[in-house]
Structures are given as C-alpha cells and as structure tokens.
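Next come the chains, spelled out residue by residue.
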2 protein chains.
Amino acid sequence: MLRLSKLTDYAVVVLSRLEQDGAVVGGQVQTAPELALHTGMAEPTVAKVLKILGQAGLVEGVRGARGGYRLARPLAAMPLAEVIVAFDGPIALTACVDGSLSACETEGHCPVRGRWDPVNDAIRHALSGITVADLSASAGCAPMRAAASIMNLMAE
Amino acid sequence: MLRLSKLTDYAVVVLSRLEQDGAVVGGQVQTAPELALHTGMAEPTVAKVLKILGQAGLVEGVRGARGGYRLARPLAAMPLAEVIVAFDGPIALTACVDGSLSACETEGHCPVRGRWDPVNDAIRHALSGITVADLSASAGCAPMRAAASIMNLMAE
DNA sequence: TTAAACAGGACAGAAAAGGTACTATTTGCG
DNA sequence: CGCAAATAGTACCTTTTCTGTCCTGTTTAA
Ligand code: FES
Ligand code: FES
C-alpha cells in the first residue's frame, strides 16, 4: 500500500492548524495542548509530532512559560517531501536491509543496490512540486476530527 | 521510508530470471524449485512469489507434472505498477484505516479522504512509465545471490 | 497408478509502528 | 528567589503488520 506513517498525516493537520491560527514565523505561538484540543488528537501524540517537526526545522519551539510552537516558514514554502522525510525517513523504495549494506559496499556490487533508483528518482520528482499548503486546503472540513474534539472537551 | 514489500523485490528478480530463461508466453516453463536454485532464495518463498504473481495475471501457472511458470507478457509490456499493486496493494499514500472508511462514506466528508489525492496521482503518474524490463537490466549481476545459490547447492 | 508440480490457505516468529509516560531543561511571572 | 508552564529528549510497552514456512488439496504428464 506504500503506507506512510500516521504521524505524517497528523503532521499535515497540525501544520495547517498552526498557519490557520496565525502561528507563523515572527507571530504568536501555539501550545501543544491547545493544538490537541483543536485537532481532536491526544495531547502526547501532538507533542510527539511537534517535537519531530522541530527537529526537522519545520516548526520553531519556544521553551519556557508562555512558550509554544510556530511555523518556521509559510506552508506554501514547505515541500511535502520534507515532512515525509522527517517521519518516514528518506524517500526511497527499497527492500535493502541495513546490516547487509556494508557487506555489499565492500563487494562493490549488489543485486538490489541501484536497481530501484529510476523509480525513486521518479517519485522524488513527482513530490518535488507539492507543498504542504496544497494539502491544507481540505484539512479544514473535518467533521470526524471535530466530533473527536467535542468528545475531548466533554471528557474534561 | 516508503518501504515496499520484500516480496516485491523478489518478484522483480524472479520475473527477470523467467525472461532470461526464455520462459515467455508460449515458450518453455520454469518450475519453482529451479527458480529457487538460480535466484538463491528459499523455495517456499519463491513459490509464494509466483503464486501471487499468478493471481495478478503476470505469470501463467501450468499445473500437473512437467508444469511450471511462464511470463504472461514480455517484461517490457509489464508496468512496474502492477507488480507493486499485487504485493503492496493499491498505490496510495494514506493513513486511512479500513474500519473507519465506512463511517466516513456515510458521513460524506472526511478529513483524510481526498486530501492525499494529488500526491497519489503524482506518484501513479511517475510510475506509469516504468516497466519491469527497466529494472531487470541490473538484476543479472548478482554476486550475493550467486553466493547464496552456491550455499544452497552445497546444502543438498 | 504414480509422482511432480501448482493452488490456496493457515500459522508461528520477527520486525516495525503507535502510543504513552517519565524526566530534564528552559523561561516567564509573582 | 521560587514556582509554574511549556518544550526537549528518552525510554518503554502494546499493538499491528510483515515475513517466512508449512500443510493440504488439485491437476496432469508419464
Ligand atoms: S542489500 Fe542493500 S546494498 Fe546490497
Ligand atoms: S478515515 Fe479514510 S475515508 Fe475517512
């Protein structure tokens, strides 16, 4: 299925919400609990997503009281490929195992190595023109997440 | 990592070997044990790969004694996408769960549904022009599999 | 009739992902 | 100065998925 990580999907929602609330570079910050309420996800999960996004340099984390997160760039300038790389690792279709890789490099030849390169290049090229902003448009209409959000509010 | 199934990788090797041995449509057949020896993979694994390829209509299985497998088409006319679909399922980047899909369809709206469509279309388009023949070229130089094949022969 | 080979499904082990919790560090505020 | 809020990092457990193998049934040439 070429399934990508669920966290990648969550990340797009969180990023959309950040821009929607004006939490762009130089603006107001948004805390993880606030984002959790508005997106309907569990708070630890949102925190995990934001931490990974911070390591990737896609969001800026402001520490301390009155801290929070803010977009490092507008979503229109944020390639989707960077988000995928942050959560799913390098964009490469391969069945290669890390352990056998060293053995193949010393050998100089490998049946797997380089075989899928044209495929990977094609996919990278296909993803190069898509930004997170292209996906955030439809992220607003979220009945399911809204329902989850309501249940989240009621649980308090 | 967008990892594809190992079986997909095996499938390309098996398909390449089939064409290499002249086991094309209307020609000689190749048995699963033979293919296992030549590719260096375990025989049950090769059998599994061939069974799935048969269900997908990419190879033809001839039953009975003196049976075997043969390519349903030349590799140049076999899109890689079909192989991936056979082993990894539909080509779609999504975190959608099957269970919640029905609930979303009754609702008519879903935050996930349709959001990744532009990405999926881009990937499908990128894969549409690649055939298995494009990958089989470098599948011949297989020092690792050759070594495994030798060990396989010695074990008998 | 026998044996070879495909077809289909079932099963246990291994690997990866998802989610959660805990601790440490930073920083505004009284 | 001390407290509280919030991020940063890490570690762990649970669940799911993948992998590889095996078993039984069906077909067919010899
Ligand atoms: S198995 Fe990956 S480089 Fe050889
Ligand atoms: S979660 Fe997949 S259609 Fe709603």
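Anyway, here's the lowdown on the structure attached to this text. All values reported here derive from a predicted model rather than from experimental measurement.

Parameters at a glance
Residues numbered from 1 in each chain as written. Chains lettered and ligands numbered in written order. Predicted model: local features only at pLDDT ≥ 70, side-chain atom pairs only at ≥ 80, totals over all residues. Heavy atoms only, no water. Helix = DSSP H or I, 4+ residues; strand = E, 2+ residues; numbered from the N terminus. Buried < 20%, exposed > 50% of the residue type's maximum accessible area, 1.4 Å probe, protein only. Contact = heavy atoms within 4.5 Å. Near = heavy atom within 4 Å. Polar contact = N/O pair within 3.5 Å; in protein donor to acceptor, adjacent residues only side chain to side chain. Nonpolar A, V, L, I, M, F, W, Y, C, P; charged D, E, K, R; others polar. Core = buried A, V, L, I, M, F, W, Y, C linked by side-chain atoms within 4.5 Å. Pairing = 2+ DSSP bridges. Expected span 1.5 Å × (residues − 1). Arc of directions from axis to C-beta. Salt bridge = Lys/Arg side-chain N within 4 Å of Asp/Glu carboxyl O. Axes fitted to C-alpha atoms, helices over the stretch in contact; angles between N-to-C directions. Parallel < 35°, antiparallel > 145°, perpendicular 65-115°, else oblique. Left-handed = near helix turned anticlockwise from the far one by under 90°.

## Describing the overall build of chain A
Phase 1: Within chain A, the secondary structure is distributed over eight helices and two strands.
Phase 2: Counting helices and strands in the order they occur from the N terminus, chain A gives α-α-α-β-β-α-α-α-α-α.
Phase 3: Each of the 156 residues in chain A was classed as buried or not, and the buried ones make up 44%.
Phase 4: Sequence separation of at least 24 residues holds for 68% of the intrachain contacts in chain A that already meet a minimum separation of 6.

## Examining the protein's contact with DNA strand C
Phase 1: Residues in close proximity to DNA strand C total 23 residues, the closest being A:Ser5, A:Lys6, A:Lys48, A:Arg63 and B:Tyr69.
Phase 2: Within the backbone of A:Gly64, one N or O atom sits 3.4 Å away from a base oxygen of DNA strand C.
Phase 3: In the model, a base nitrogen of DNA strand C is placed 3.1 Å from a nitrogen or oxygen of the B:Lys51 side chain.
Phase 4: Residue assignment for the surface near DNA strand C shows that the elements contributing at least two residues are α1 (6-20) and α3 (43-55) of chain A together with α3 (43-55), β1 (59-62) and β2 (68-71) of chain B.
Phase 5: When the residues that make up the surface near DNA strand C are grouped by side-chain class, the tally is seven nonpolar, ten polar and six charged.

## Describing the environment of A:Leu2
Phase 1: Assignment of secondary structure puts A:Leu2 in the segment before α1.
Phase 2: A:Leu2 sits 47 residues away from A:Val49 along the chain, and the two C-alpha atoms are 21 Å apart.

## Let's talk about unusual backbone geometry
Generally, phi is negative for residues other than glycine and the peptide bonds are trans, each holding for most cases.
Phase 1: In this structure, A:Arg66 is a non-glycine residue whose phi angle is positive, near 60°.
Phase 2: Looking at A:Arg66, the relative accessible area reads 82%, which means it is exposed.

## With respect to the nonpolar core
Phase 1: With 79 residues, the main nonpolar core has A:Leu15, A:Leu80 and B:Leu15 as its most contacted residues.
Phase 2: A total of eight residues in this core trace back to one element, the largest contributor, which is α1(A).
Phase 3: Ignoring anything within four residues of it in the chain, the contact list for A:Leu15 reads A:Leu53, A:Val59, A:Leu71, A:Leu75, A:Met78, A:Val83 and A:Val132.

## A few points about the pairing of β1(B)
Phase 1: As judged from the four bridges shared by β1(B) and β2(B), these two strands associate in the antiparallel manner. Across the sheet, the residue bridging to B:Gly61 is B:Tyr69, located in β2(B).

## Let's talk about α3(A)
All names here are of chain A.
Phase 1: When the terminal C-alpha atoms of α3 are compared, their 19 Å separation across 13 residues agrees well with the 18 Å that a helix rising 1.5 Å per residue should span.
Phase 2: Of the residues making up α3, those classed as buried are Val46, Ala47, Val49, Leu50 and Leu53. Angularly, the buried residues of α3 cover 160° about the axis, an arc narrow enough to put them on a single face. Away from its buried face by more than 90 degrees, α3 exposes Pro44, Lys51 and Gln55.

## Digging into the pattern of salt bridges
All names here are of chain A.
Phase 1: Counted by the stated rule, this structure contains eight salt bridges over all chains.
Phase 2: When the shortest N-O distance is used, the salt bridge between arginine 17 and aspartate 21 registers 3.2 Å.
Phase 3: Classification of aspartate 21 as partly exposed rests on a relative accessible area of 29%.
Phase 4: Here glutamate 60 ties to arginine 70 by a salt bridge, and the two come within 3.5 Å at their closest N and O atoms.

## Topic: the protein's contact with DNA strand D
Phase 1: Every one of the 22 residues lining DNA strand D counts as a neighbour, but A:Tyr69, B:Ser5, B:Lys6, B:Thr45 and B:Lys48 are closest to it.
Phase 2: Restricting attention to atoms of DNA strand D within 4 Å of the protein, one finds that 66% of them are sugar or phosphate atoms.
Phase 3: Contacts to DNA strand D include A:Ala32, whose backbone N or O atom sits 2.9 Å from a phosphate oxygen.
Phase 4: Between A:Tyr69 and DNA strand D, the recorded distance is 2.5 Å, taken from a side-chain N or O atom to a phosphate oxygen.
Phase 5: Those elements that provide at least two residues to the surface near DNA strand D are α3, β1 (59-62) and β2 (68-71) of chain A together with α1 (6-20) and α3 of chain B.
Phase 6: Broken down by class, the residue content of the surface near DNA strand D amounts to seven nonpolar, nine polar and six charged.

## Here we look at the packing of α1(A) against helix α4 (residues 80-88) of chain A
All names here are of chain A.
Phase 1: Where α1 contacts α4, the two axes come as close as 9 Å, and the packing angle between them is 135°. Between α1 and α4, the angle is such that the two are oblique. As α1 packs across α4, the resulting crossing turns out to be right-handed. Contacts between α1 and α4 involve Leu7, Thr8, Ala11, Val12 and Leu15 from the first element and Leu80, Val83, Ile84, Phe87 and Asp88 from the second.
Phase 2: In terms of residue class, the contact of α1 with α4 is made up of eight nonpolar, one polar and one charged.

## Digging into helix α6 (residues 117-128) of chain B
Phase 1: Helix length check: α6(B), at twelve residues, gives a terminal C-alpha distance of 16 Å against a target of 16 Å (1.5 Å per residue), a fit within 8%.
Phase 2: Considered for burial, the residues of α6(B) that qualify are B:Val119, B:Asn120, B:Ala122, B:Ile123, B:Ala126 and B:Leu127. On an axial view of α6(B), the arc spanned by its buried residues comes to 160°, and they lie on one face.
Phase 3: Contacts made by the buried residues of α6(B) are with α4, α6 (117-128) and α7 (132-136) of chain A together with α4 (80-88) of chain B.

Honestly, that's just the spatial picture; any functional story needs more than this.
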